[in-house]
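# Structural overview for review
So the chains spell out like this:
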Amino acid sequence: MLILLPPSEGKASEGSGPPVGELSFPALDKARKRVLNALIRASKRRDALDVLGLTPGLAGELAKNAALKTAPTLPAAGLYTGVLYDNLGLDTLEDEPRRRAEDSVLIFSGLWGVVRITDRIPPYRLSMGVNLPPIGGLAAFWRPLIAKELDRAPGLVVDLRSATYAGAWQAGERSVTVRVFRDGKVVSHMAKATRGEIARALLRHDTAPGTPDELAKTLDSLGYTVNLAAPTRAKRPWTLDVHVTEPS
């Protein structure tokens, strides 16, 4: 089983380890260097905030981007913060679920493509939705490169990413896209929390589901209200709708 996660806008302020070195999926390294160099150049432009889609309050992130080649790193498990990662709670997982997370959790990134939770990377600011000169749209740039790495990975794919990051790779009919609803409407903040909870529950479960139907049954047994829908056409993912209620 693979569990696909987006990164988070919230990140740890700094690392304490050596500059970025070897990462998972080394076949992506050449592309990573291209994006890194393009990001550094873009961060030094007068219109950098507009190019990177940042607000004036995030101007301080430009200096971090410009220094990424020498910036101290930390494991991705500690870098990403925010609602999803707070509810996933990687640092509080027991030994066996933590080992499962190291094998199965993949975090998608506009800068690095895709990383594992043990990969050491520095804090950065770059969304997958950015059109980065001269590379262009990052999801389209990463899509064929990531596909070469992940298309051959076996097992069920549980997709907990946001739409922006889902565009970087799709696993087809062995994938299940998880959507979160409240009162019949897709929700944002609660969706992040629920996705984190689901990822944690799956990592702590004794047996990893191997099919979409097994995933639905597993989440049902864990107390979630779910509806599973088959793909509407070939090479498309299954859809699993999770219905939540407002906390009382």
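Refer to the structure printed above.
All figures in this text were calculated on a predicted structure; none of them were measured in a lab. Each chain has its residues counted from 1, following the order in which its sequence is written. Where local features are concerned, this predicted model is filtered to residues with pLDDT of at least 70; where side-chain atom pairs are given and counted, the filter is 80 or more; whole-chain, interface and lining totals use all residues. To obtain the side-chain values, all non-hydrogen atoms of the structure were included, while hydrogens and water were left out.

Another point: the nonpolar core. With 82 residues, the main nonpolar core has Leu52, Phe108, Leu126 and Leu132 as its most contacted residues. Note on definitions: a residue-residue contact is assigned when non-hydrogen atoms from the two residues lie within 4.5 Å. With near-sequence residues (within four places) excluded, Leu52 lies in contact with Leu39, Ala42, Ser43, Leu62, Asn65, Leu126, Val130 and Leu132. Among buried residues, the Ala, Val, Leu, Ile, Met, Phe, Trp, Tyr and Cys ones that are joined through side-chain atoms within 4.5 Å form a nonpolar core. Only protein chains enter the calculation, and the probe is 1.4 Å; a residue is then buried if its accessible area is under 20% of its type maximum, exposed if over 50%, and partly exposed in between.

This brings us to the packing of aromatic side chains. Note on aromatic pairs: the rings of Phe, Tyr and Trp (six-membered ring only in Trp) are paired at centre separations within 6.5 Å, and the planes decide the class, stacked below 30 degrees, edge-to-face beyond 60, tilted for the rest. Going through the model one piece at a time under the given rule, you end up with 4 aromatic pairs. For the pair Trp112 and Tyr124, a centre-to-centre distance of 6.4 Å together with 85 degrees between the ring planes defines the contact as edge-to-face. A residue pair is termed long-range when its members are at least 10 positions apart, and Trp112 in the loop between strand S3 (105-109) and strand S4 (113-116) and Tyr124 in the loop between strand S5 (120-121) and strand S6 (131-132) qualify at 12 residues. Overall, Tyr124 belongs to the buried group, its relative accessible area being 1%. Considering the side-chain rings of Phe141 and Trp142, the 5.2 Å spacing of their centres and the 75 degrees angle between planes classify their relative orientation as edge-to-face. Relative accessible area serves as the criterion here: at 15%, Phe141 is assigned to the buried category. Clustering of aromatic rings is evident, with ring pairs tying together Tyr80, Tyr85, Trp112 and Tyr124. The ring of Tyr124 carries the charged tip of Lys11 above its face, separated from the ring centre by 4.7 Å. When the NZ atom of lysine or the CZ atom of arginine is within 6 Å of a ring's centre and also within 35 degrees of its normal, the charge is said to sit over that ring. Stacked on the ring of Phe108, the Lys or Arg Arg161 has its end atom at 4.5 Å from the ring centre. By the criteria applied, helices consist of DSSP H or I runs no shorter than four residues and strands consist of E runs no shorter than two, each listed in order from the N terminus.

Only the stretch in contact is used when a helix axis is fitted, and all axes are lines through C-alpha atoms; the angle between N-to-C directions ranges over 0 to 180 degrees. Here helix H1 (residues 29-43) crosses helix H7 (residues 138-150) at 165 degrees, and the two axes come no closer than 11 Å. The angle between the axes of H1 and H7 places the two elements in the roughly antiparallel class. For the pair H1 and H7, the crossing hand works out as right-handed. Each of Ala31, Arg32, Arg34 and Val35 in H1 lies in contact with H7, whose residues at this interface are Leu138, Phe141, Trp142 and Leu145. Angle categories are assigned with fixed cut-offs, so that under 35 degrees is roughly parallel, over 145 is roughly antiparallel, 65 to 115 is roughly perpendicular, and the rest are oblique. Crossings are sorted by hand: turned counterclockwise from the far helix by less than a right angle, the near helix makes the crossing left-handed, and turned clockwise it makes it right-handed.

A word on the pairing of strand S9 (residues 175-182). With 3 bridges connecting them, strand S8 (residues 157-159) and S9 associate as parallel partners. By the bridge assignment for S9, Val158 is matched with Val176. Paired strands, in this sense, are two strands between which DSSP finds at least two bridges. Where S9 meets strand S12 (residues 238-243), 6 bridges bridge the pair, whose relative direction is parallel. By the bridge assignment for S12, Val180 is matched with Val242. Strand direction decides the pairing type here: S9 and strand S10 (residues 185-186), joined by 2 bridges, are antiparallel. The residue of S10 that forms the bridge with Phe181 is Val186. Taken together, S9 and the strand that follows it, S10, pair antiparallel across an intervening segment of 2 residues, in which Asp183 is found at a positive phi of about 55 degrees.

Within the secondary structure layout, Arg161 lies in the loop between S8 and helix H8 (163-166). Judged by its relative accessible area of 4%, Arg161 falls in the buried class. Each polar contact in these results corresponds to two N or O atoms within 3.5 Å; when the atoms are within protein, one needs to be able to donate a hydrogen and the other to accept it, and residues that are neighboring in sequence are counted only if both atoms are side-chain atoms. Here the side chain of Arg161 touches Tyr165 through a polar contact of 3.1 Å, landing on its backbone oxygen. Within polar-contact distance, the side chain of Arg161 engages the backbone oxygen of Trp169 at 2.6 Å. With sequence-adjacent residues up to four places away left out, Arg161 is seen in contact with Leu4, Leu5, Pro6, Phe108, Ala166, Trp169, Gln170 and Arg195.

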